[in-house]
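One-letter residues, chain by chain:
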Amino acid sequence: MARLPPGIRFITSFSRDQWYRAFIFSLTFLLYASFHLSRKPISIVKGELHKHCAASHEVELNSYKEYAAQIQPVKKPSNVSQCGWEPFDKNNYKQLLGALDYSFLCAYAIGMYLSGIIGERLPIRYYLTVGMLASGLFTAMFGLGYFYNIHNLWFYIMAQIANGLVQTTGWPSVVTCIGNWFGKGRRGLIMGIWNSHTSVGNILGSLIAAYWVSTCWGLSFVMPGVTIAVMGIVCFLFLIEHPKDVSCSCTPSSRDREANISTEFVVSSKTFLNGTSRLRVQAPTLNAKEASKPEDPEMQHLLIDSESCSVSLNSSTAITGEGRHRTSAISFLGALRIPGVIEFSLCLLFAKLVSYTFLFWLPLYITNVEHLDAKRAGDLSTLFDVGGIFGGILAGLISDRLEKRASTCGMMLLLAAPTLYMFSAISKMGLEATIVMLLISGALVNGPYALITTAVSADLGTHKSLKGNARALSTVTAIIDGTGSVGAALGPLLAGLISPSGWNNVFYMLMVADACALLFLLRLIEKELRCNAHHTL
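Colleague: Just to check I follow, could you spell out the overall build of the protein for this structure?
Modeller: Of the regular secondary structure elements, the protein holds 23 helices and 2 strands. Summarising the internal contacts of the protein: among those between residues at least 6 apart in sequence, 85% fall at separations of at least 24.

Colleague: Help me understand the packing of aromatic side chains, please; the structure alone is not making it clear to me.
Modeller: When we look at a pair of aromatic rings, we describe it by the centre distance and by the angle of the planes. Following the criterion strictly, the structure yields 30 aromatic pairs and no others. A centroid spacing of 6.5 Å and a plane angle of 80 degrees characterise the contact between phenylalanine 10 and tryptophan 19, whose relative ring orientation is edge-to-face. Take phenylalanine 10: its relative accessible area is 48%, and that puts it in the partly exposed class. Residue classification places tryptophan 19 among the partly exposed positions, given a relative accessible area of 36%.

Colleague: When you look at the side chain of lysine 404 in this model, what are you seeing that I'm missing?
Modeller: Here lysine 404 is to be found in the loop between helix 19 (374-402) and helix 20 (405-426). Look at lysine 404 and you get buried, because its relative accessible area is 10%. Polar contacts involving the side chain of lysine 404 include one to the main-chain carbonyl oxygen of leucine 402, which spans 3.3 Å.

Colleague: Help me out: how do you make sense of the environment of leucine 364 in this one?
Modeller: Here leucine 364 lies in helix 18 (residues 341-370). Judged by its relative accessible area of 2%, leucine 364 is buried. With 320 residues separating them in the primary sequence, leucine 364 and isoleucine 44 have C-alpha atoms 7.6 Å apart.

Colleague: Help me out: how do you make sense of the packing of helix 18 against helix 20 in this one?
Modeller: In a packed pair of helices, the relevant descriptors are the angle between the two axes and the axis-to-axis distance. One can describe the packing of helix 18 onto helix 20 by two numbers: an axis separation of 13 Å at closest approach and a directional angle of 30 degrees. With respect to helix 20, the axis of helix 18 lies roughly parallel. For the crossing formed where helix 18 meets helix 20, the hand is left-handed. Residue-level contacts link Phe344, Cys347, Val354, Phe358, Leu362 and Tyr365 of helix 18 to Ala406, Leu413, Leu420, Phe423 and Ser424 of helix 20. Looking at side-chain class alone, the contact of helix 18 with helix 20 contains 10 nonpolar, 1 polar and no charged residues.

Colleague: What is the right way to read the pattern of salt bridges from this model?
Modeller: It is possible for side chains of opposite charge to pair when their charged atoms get near one another. On inspection of all chains with the given rule, the structure shows 5 salt bridges. The residue lysine 46 makes a salt bridge to aspartate 101 at a minimum N-O spacing of 2.5 Å. Of this pair, lysine 46 sits in helix 3 (residues 41-49) while aspartate 101 is found in helix 5 (residues 93-120), placing the two residues 55 residues apart along the sequence. A single burial state applies to lysine 46 and to aspartate 101, both of which are buried. Ionic pairing is found between glutamate 526 and arginine 530, a salt bridge with its closest N-O pair at 3.0 Å. Pair noted here: glutamate 526 and arginine 530 are both in helix 23 (residues 503-536), with a separation of 4 residues, about one helical turn.

Colleague: Would you mind going over a nonpolar patch on the surface with me for this structure?
Modeller: A cluster of nonpolar side chains, namely Phe23, Tyr126, Leu133, Ile233, Phe236, Leu237 and Phe238, defines an oily patch on the protein surface of about 680 Å² accessible area. Secondary structure elements with two or more residues in the nonpolar patch: helix 6 (124-147) and helix 11 (219-238). A per-element tally of the nonpolar patch places helix 11 first, with 4 residues. Along the chain, phenylalanine 238 falls in helix 11.

Colleague: Looking at this structure, I do not really get helix 8 (residues 170-182). What am I missing?
Modeller: In an α-helix, one full turn covers 3.6 residues, which means residues spaced three or four apart are oriented alike. For helix 8, built from 13 residues, the straight-helix expectation of 18 Å at 1.5 Å per residue is met to within 8% by its first-to-last C-alpha distance of 18 Å. For helix 8, the tally of buried residues reaches 13 of 13 residues, placing the bulk of the element in the interior.

Colleague: Can you help me understand the packing of helix 2 (residues 16-39) against helix 6 in this one?
Modeller: Here helix 2 crosses helix 6 at 20 degrees, and the two axes come no closer than 11 Å. Relative to helix 6, the element helix 2 lies roughly parallel. Like other packed secondary-structure pairs, helix 2 and helix 6 cross with a definite hand, here left-handed. Of the residues in helix 6, those in contact with Leu31, Ser34, Phe35 and Ser38 of helix 2 are Leu128, Met132, Ser135 and Thr139. Its residues placed into classes, the contact of helix 2 with helix 6 shows 4 nonpolar, 4 polar and no charged.

Colleague: Any chance you could explain unusual backbone geometry here in plain terms?
Modeller: Most peptide bonds take the trans configuration, and most residues that are not glycine carry a negative phi. Cis geometry is found at the peptide bond from glutamate 86 to proline 87, where omega equals 15 degrees. Looking at where proline 87 falls in the secondary structure, it is placed in the loop between strand 2 (84-85) and helix 5. With phi around 55 degrees, asparagine 149 is a residue other than glycine that occupies positive phi space. Here asparagine 149 is to be found in the loop between helix 6 and helix 7 (153-166). Its identity as a non-glycine residue notwithstanding, serine 247 has a phi of 60 degrees, on the positive side. If you trace the backbone, serine 247 turns up in the loop between helix 11 and helix 12 (252-269). Residue classification places serine 247 among the exposed residues on the basis of a relative accessible area of 62%.

Rules used throughout
Residues numbered from 1 in each chain as written. Predicted model: local features only at pLDDT ≥ 70, side-chain atom pairs only at ≥ 80, totals over all residues. Heavy atoms only, no water. Helix = DSSP H or I, 4+ residues; strand = E, 2+ residues; numbered from the N terminus. Contact = heavy atoms within 4.5 Å. Phe/Tyr/Trp six-rings, centres within 6.5 Å; stacked < 30°, edge-to-face > 60°. Buried < 20%, exposed > 50% of the residue type's maximum accessible area, 1.4 Å probe, protein only. Polar contact = N/O pair within 3.5 Å; in protein donor to acceptor, adjacent residues only side chain to side chain. Axes fitted to C-alpha atoms, helices over the stretch in contact; angles between N-to-C directions. Parallel < 35°, antiparallel > 145°, perpendicular 65-115°, else oblique. Left-handed = near helix turned anticlockwise from the far one by under 90°. Nonpolar A, V, L, I, M, F, W, Y, C, P; charged D, E, K, R; others polar. Salt bridge = Lys/Arg side-chain N within 4 Å of Asp/Glu carboxyl O. Patch = residues over 30% accessible without salt bridge, like charges linked within 9 Å, V, L, I, M, F, W, Y side chains within 5 Å. Areas by Shrake-Rupley, 256 points an atom, 1.4 Å probe, with all protein chains shown as cover. Expected span 1.5 Å × (residues − 1).

Next up, the structure:
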């Protein structure tokens, strides 16, 4: 018998379950990347909605005539001034552009709290498909204002509000789906790689929008809208919500839960020998090798809700025993009582404030500082997201090695504040310096944001008191990301209000936000270090 080709041997080396999990990993990656792809155009088009033309009054007449001769052959829609697209061609353009950002992000923040609750009660595939089709419609709707020559500010604001509401269907859905397939066995590195879909979507959205922005900025919205709508159809055709739908074997989530419960019993029984309820909690008996494994470091160092590490484990076990047969969705207040949810939610509020300020205002900042056109500024801004990819992976890798999620976030936030100050100073020295600082700032700003929205959310959403209930995971994820979205709404709004007084003041605001994010993590960081010292003794 001939030996199988290397490619076939590679394919057959993985089980059917592993191929399904790889497929779901890749599909959810692409689905949520399309969400971010459709959010990026507004930041690219800002430089075209208002062109930096105030200096034209200061140049000599012959220079102005040369400039006019260059743009004269280009046919423009009516009511388009040399300073951009009405009504964004006035001196208050930064406030108006900030209002567009705030409209989208405020609707997104409000809708996120409702989305998790609604998503728990509907099939994920249908819920996500409808959300993606609606997102495509409202993203393209903004661009249609160019083709139909619409200059009413409220048209663009309503398009942003509607888009913000329907886009909330994305994050709780994909996280719940990933939770069904991969469960608590995930680690920071894997989640850091998966979370790079945000940066990949931002990069693709920037490149697509930048390609059309100087010639027909309406297509900068229409093409991303078509893209996410097509991905919505792909979602309807291929998304598998749960392994049991295709008769896959027991997911790592359930195996990890059983191992954690039994390991908890082993640890707690050394201190509390008279616990009959804990004897009931111990699920299937593990072999000696599994029983000898240390407790999950994600739970060991992250979800600490009492002064003693052993007492914390025991209390978590008791909660598990009480709610073993409970299948209903967790309440909003019940989710808030999970140790770490409030701290990480408030931390994400300020971390996302910084990240989304860069997302919506970085191209315009580059246009003003480097004096580049909208297309080149959009292309250059993608380097921030490239740095974000490496930052998310690095944060996951470090948190795995140190077994400390909060400490990893705190370390990167501590480095991010002075880096932002350096960015504001060094970026004015030339293009090369701007490129370097974009990469470094992107890694440090998006690192904590990526870690909290993925690995930390998975930790908290699969807390022992939840029994790994994916419906509860949707609510916990929505609370964390919804709170972060409040900061995402405030950041661009504050940038629009502060930037007229100088870009340096915007960077000072971002540094204060980083310091506040670090402040909310101090209690968890202290507990991680203290618990680590306890286990070292």
